[in-house]
Amino acid sequence: MSSSDALIDEKRRAREAGLAARGRGDPRAGLALAGHVLEGFAPPPGAVVAGYWPFATEIDPRPLMLALAGRGHALVLPVTGRRGEALVFRRFRFGDRLDEGRFGTRHPGEGAEVLTPEFLLVPVVAFDATGVRIGHGAGYYDVTLAALRARGPAAALGCGYAAQRAERLPVAPHDQRLDAIATEHGVLRA
């Protein structure tokens, strides 16, 4: 088995473990996550914040997003394009109609304003204390964070359940690390 095959296999196993842990999460945990982020890792005033609309058993970032909107932050949601392309972020306000996206996602429609986020809430399937993140495997956030960080500062806050934490995760050269991870138990700075 080549080293790249071994890395792919190790990531697959980590993804399976993370998804199993996520499936056991408490749906109310997003409220606790919001409180921890607002106390210990809130975005700078005026920052455009990229959230995400949770699907399946992902931790719910909407309580945090609602609080940040109340503090005057513009919110955006990602739109998934072709594999290998960076995400596009469209302006979102609670109450807006959302379109169905790829992979079960939801996002604002074509007419919504496109904005560049400075602070991103990033869903995780698994994470470790060094900021390594395993997602669903398509690499959209890695490509997006690399592009944003090449232009200027862009903070990435992983959002997940504490049970999704792994001792150590495999990392490839193109993987983008998170600055911190928020769970129902607190914020872990990478």
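Relevant structure appears above.
> Quick question: what am I supposed to make of the overall build of the chain here?
Broken down by element type, the chain carries 4 helices and 11 strands. By principal-axis analysis of the C-alpha atoms, the chain measures approximately 50 × 35 × 30 Å. Looking at the chain as a whole, 46% of its 190 residues qualify as buried. Residue pairs in contact within the chain that sit at least 24 positions apart in sequence constitute 70% of those at least 6 positions apart. If you sum the accessible surface of the chain, you get close to 9,300 Å²; carbon and sulfur atoms cover 54% of it. When the 24 positive and 21 negative side-chain charges of the chain are each reduced to one mean point, those points stand 1 Å apart.

> Where do I start with unusual backbone geometry in this structure?
What you tend to see is this: most non-glycine residues have negative phi, and most peptide bonds are trans. With a phi close to 55°, Ala 56 is a non-glycine residue in the positive phi region. Secondary-structure assignment places Ala 56 in the loop between strand 1 (49-50) and helix 3 (62-70). Judged by its relative accessible area of 70%, Ala 56 falls in the exposed class.

> I would appreciate a short explanation of helix 4 (residues 140-151) in the present structure.
At 3.6 residues per turn, the α-helix brings residues three or four places apart onto the same side. Between its first and last C-alpha atoms helix 4 spans 17 Å; for 12 residues at 1.5 Å apiece the expected length is 16 Å, and the two agree. Burial in helix 4 covers these residues: Tyr 140, Tyr 141, Asp 142, Thr 144, Leu 145 and Leu 148. Residues of helix 4 that are buried sit in contact with strand 2 (75-79), strand 3 (88-92), strand 6 (119-123), strand 8 (133-134) and strand 9 (155-159).

> Explain the side chain of Asp 142 here, please?
With respect to the element layout, Asp 142 can be found in helix 4. The contact partners of Asp 142, leaving out residues within four places of it in the chain, are His 174, Asp 175 and Gln 176.

> How should I be thinking about the environment of Gly 95 in this particular structure?
Mapped onto the elements, Gly 95 comes out in the loop between strand 3 and strand 4 (98-100). The class for Gly 95 is exposed, based on a relative accessible area of 79%.

How each quantity is defined
Residues numbered from 1 in each chain as written. Predicted model: local features only at pLDDT ≥ 70, side-chain atom pairs only at ≥ 80, totals over all residues. Heavy atoms only, no water. Helix = DSSP H or I, 4+ residues; strand = E, 2+ residues; numbered from the N terminus. Buried < 20%, exposed > 50% of the residue type's maximum accessible area, 1.4 Å probe, protein only. Contact = heavy atoms within 4.5 Å. Areas by Shrake-Rupley, 256 points an atom, 1.4 Å probe, with all protein chains shown as cover. Lys, Arg positive; Asp, Glu negative; His and termini not counted. Charge placed at Lys NZ, Arg CZ, Asp CG, Glu CD. Expected span 1.5 Å × (residues − 1).

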